[in-house]
Amino acid sequence: MPALTRAESELIDRYLAAVDLLGRINPGRHEDTYSGLRAAQALVRAAAELRDALALMHRRGETELHTATLARALRALDGERRAARVTLPPEEAS
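Below you will find a few notes about this structure. Given the structure is predicted, the values throughout are model-derived calculations rather than measurements. (Residues numbered from 1 in each chain as written. Predicted model: local features only at pLDDT ≥ 70, side-chain atom pairs only at ≥ 80, totals over all residues. Heavy atoms only, no water.)

## Brief notes about the environment of A53
Put simply, the test is: Labels follow the DSSP assignment, with helices taken as runs of H or I lasting at least four residues and strands as runs of E lasting at least two, numbered in each case from the N terminus. We call two residues in contact whenever any of their non-hydrogen atoms come within 4.5 Å of each other.
Of note, A53 is situated in helix α2 (residues 33–59). Excluding residues that lie within four positions of it along the chain, A53 makes contacts with E10, L11 and R14.

Structural data, given as structure tokens:
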């Protein structure tokens, strides 16, 4: 895991929380409306927390994202697998 500022860590955590919720909402992967509804309701709060993390960084003068470092952190936290749940699953062979 690369060294991150507290604000960068918060950004990564909040981003992945939102990604996880979007994965639970994805109608191409889940058949349960209730869990999707609950995830959608939680997404509102997660989006506000993500906004607040970015706003804090901006107020502190952290106006640039160090994408290579943040991408390494996302990979270390299983971000690729988690983000894959947001996309459509592969089409089944007929």
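Picking up after the structure, the text goes on.
## Observations regarding the side chain of R82
Counted only if it meets this: Burial status follows relative accessibility: with a 1.4 Å probe on protein chains alone, a residue under 20% of its type maximum counts as buried, one over 50% as exposed, and anything between as partly exposed.
As for its position among the elements, R82 is in helix α4 (residues 79–84). The class of R82 is buried, set by a relative accessible area of 17%. Setting aside residues up to four positions removed in sequence, R82 forms contacts with L16, V19, D20 and L77.

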